[in-house]
Amino acid sequence: MPHANDTLPPPPFKIKMIEPIQLTTVAERKEYLKVAGYNIFNIPAEKVYIDLLTDSGTSAMSDYQWSGLMLGDESYAQCRNFFNLETVVKDITGFKFVIPTHQGRSAENLVCYALNLDKTKSAVSNQFFDTTRANIESVGAKAHDLVIPEAYNTLIHHDFKGNMDTEALEKLLTQKSNIVVIIVTVTNNTGGGQPVSLKNIVTVSKIAKKYDIPFFLDAARFAENAYFIKLREKEYSDLTPKEIAQKMFSYTDGCMMSAKKDGLVNIGGFIALNNEKTYTRIKERMVITEGFPTYGGLAGRDLEALARGLTEVLSEDYLKYRYQQLQYLGNKLEKANIPILLPVGGHSINLDALRFLPHIPQSLFPGWALTIALYENYGIRSVELGSVMFAYQKEDNTWVYPELELVRLAIPRRVYSREHLDYVCHSIIELYKLKEQIKGLKMTHDPGLLRHFNAIFEPIAK
Ligand code: F0G
């Protein structure tokens, strides 16, 4: 498997504009945490030093994108920037119809509507992202995750840990006739940004055709996935990332994209697909919720920035730098024996909280406790992908905890330098030495659906 060494080659861009950041004191951060109810989402961003909460909407745009903003055509209908976006999306995806949306979850909501998802239906994925799952479950439908079992073991090396378990998929389809869509998430965010192989996409496509079920990609990080295919699937190593992306889409019927990731923009999304009936249903529905189908809740200038971002993200120099940046941080942590999810994924390093804090049971939220400790001690904001986000209560009121308890350090695109990553790395290594001092938390307010955004906690006494 290709591995970057300890050095990080210079990025393929230079800095034209800066945004100051400031490190507060531990005493100040203790106070901010108390006021925030120990929920990292409630901390004012200005009080965060290195913000690794998400790679979504946090990219730095290029001068080419910023100059595109000035060319925004703010006409209500049929603005020129829509046609620019449509041309770029059609070129990459090959789909007939392109519909902008204001972000990924609105695209998901519209697709669920157009496919008539309701309590009699199900959808299946390698692993649904939480908003996709929530969109499906909020109409009463069932969401099945069928990622390969290796995905649940943070120590196993597998080149494509985001792959769908295709045997399990066939089995499910023979047992259940109510599955109305198969969605493969590339890369698999919930499993740590792990890629899906083209071979797997081809197999899923064959199964989808056999059972006549629409097959969509959740394409939020399609370009990063394409680069992993280039590096790890030998037969495609001579293709450009764009050619690989084109192949990925060519085996599917449509995609939903949160463009806040590989669109390299701060807001935006789209749906692209071939089925005219589904397209028409989405177009007619979205005027109630998103806006006219050529702007989808975005300004003309946003559409232009996205059209340009989608072109830039497929640059091989950019994707190589992005990959190496993640490898650099991951390798340094691995060498220091920090328990992280292996191999390193496309957009995030994930600390394995169950191995980092084995003294905290899942009922006291070890992943959440780790995010709090990272912020309190170093001003670094991360996000828990564990018991707060994914645990659920069964009918008999007992709790089911997720197999993985991760703390995600999502790296925003083109934002942080090697020095920032070194700070993060040193902080985690230091914290690991003090891990016995970290305590669990009690949830004092549980808001239910997507509870991580609004839950309130109290630290427990040891
Ligand atoms: N699909 C995937 C794979 C995602 O990672 C996200 C968002 C969405 C859909 C929803 O898109 O935010 O534009 O509405 N992920 C962000 C994250 C929030 O932090 O991973 P959205």
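What counts, and where the lines are drawn
Residues numbered from 1 in each chain as written. Predicted model: local features only at pLDDT ≥ 70, side-chain atom pairs only at ≥ 80, totals over all residues. Heavy atoms only, no water. Helix = DSSP H or I, 4+ residues; strand = E, 2+ residues; numbered from the N terminus. Expected span 1.5 Å × (residues − 1). Buried < 20%, exposed > 50% of the residue type's maximum accessible area, 1.4 Å probe, protein only. Contact = heavy atoms within 4.5 Å. 1 Å grid on protein atoms, 1.4 Å probe; cavity = no way out; pocket = protein on both sides within 12 Å on 5 of 7 lines; lining within 4 Å. Points joined across faces, edges and corners; volume = space filled by probe spheres on them. Nonpolar A, V, L, I, M, F, W, Y, C, P; charged D, E, K, R; others polar. Domains from an automatic or database assignment. Salt bridge = Lys/Arg side-chain N within 4 Å of Asp/Glu carboxyl O. Polar contact = N/O pair within 3.5 Å; in protein donor to acceptor, adjacent residues only side chain to side chain.

Trainee: Would you explain helix H7 (residues 198–211) in this entry?
Mentor: The terminal C-alpha atoms of H7, which comprises 14 residues, lie 20 Å apart, in line with the 20 Å expected from a rise of 1.5 Å per residue. Listing the buried residues of H7 in full gives Leu198, Asn200, Ile201, Val202, Val204, Ser205, Ile207 and Ala208. For H7, the secondary structure elements touched by its buried residues are helix H6 (166–175), strand S5 (179–185), strand S6 (215–218), helix H8 (222–232) and helix H9 (241–250). Immediately downstream of H7, the backbone of Asp212 shows phi near 55°, a positive value.

Trainee: Please clarify how the layout of surface pockets should be interpreted in this entry.
Mentor: A probe matching the size of a water molecule, rolled over the atoms, marks out where space remains unfilled. Considered as a void within the structure, the largest pocket measures approximately 1,600 Å³ in volume. Met17, Ala60, Arg414, Val415 and Tyr416 are the residues nearest the centre of the largest pocket, which is lined by 43 residues in total. Secondary structure elements with two or more residues in the lining of the largest pocket: helix H2 (63–69), helix H12 (316–335) and helix H16 (418–433). Take the lining of the largest pocket: its biggest share by element is 3 residues, from H12. Among the residues forming the lining of the largest pocket, the class breakdown is 23 nonpolar, 10 polar and 10 charged. Domain assignment of the residues forming the lining of the largest pocket places at least three in each of domain 1 (26–55 + 315–459) and domain 2 (63–312). Size it by volume and the second largest pocket reaches roughly 840 Å³. Arg133, Met389, Phe390, Ala391 and Tyr392 are, among the 28 residues lining the second largest pocket, the residues nearest its centre. Elements supplying a minimum of two residues to the lining of the second largest pocket: helix H5 (130–137), helix H15 (387–390) and strand S13 (399–400). Per element, the largest residue contribution to the lining of the second largest pocket is 4 residues, and it comes from H5. Of the residues assigned to the lining of the second largest pocket, the class counts are 17 nonpolar, 4 polar and 7 charged.

Trainee: So what exactly am I meant to see when it comes to the domain arrangement of the protein here?
Mentor: Put simply, an interface is often sized by how much accessible area is lost when its parts join up. Domain boundaries in the protein define domain 1 (26–55 + 315–459) and domain 2 (63–312). When each unit is reduced to the centre of its C-alpha atoms, the spacing between domain 1 and domain 2 is 26 Å. Counting from both sides, the interface comprises 33 residues of domain 1 and, opposite them, 34 residues of domain 2. At the junction of domain 1 and domain 2, the tally comes to 6 salt bridges. Counting every contact that joins domain 1 to domain 2 gives 17 residue pairs in polar contact (both at pLDDT 80 or more). Mapped by element, the contributors of at least two residues to the side of domain 1 that touches domain 2 are H12, strand S9 (348–352), H15 and strand S14 (406–410). A per-class count over the side of domain 1 that touches domain 2 returns 14 nonpolar, 8 polar and 11 charged.

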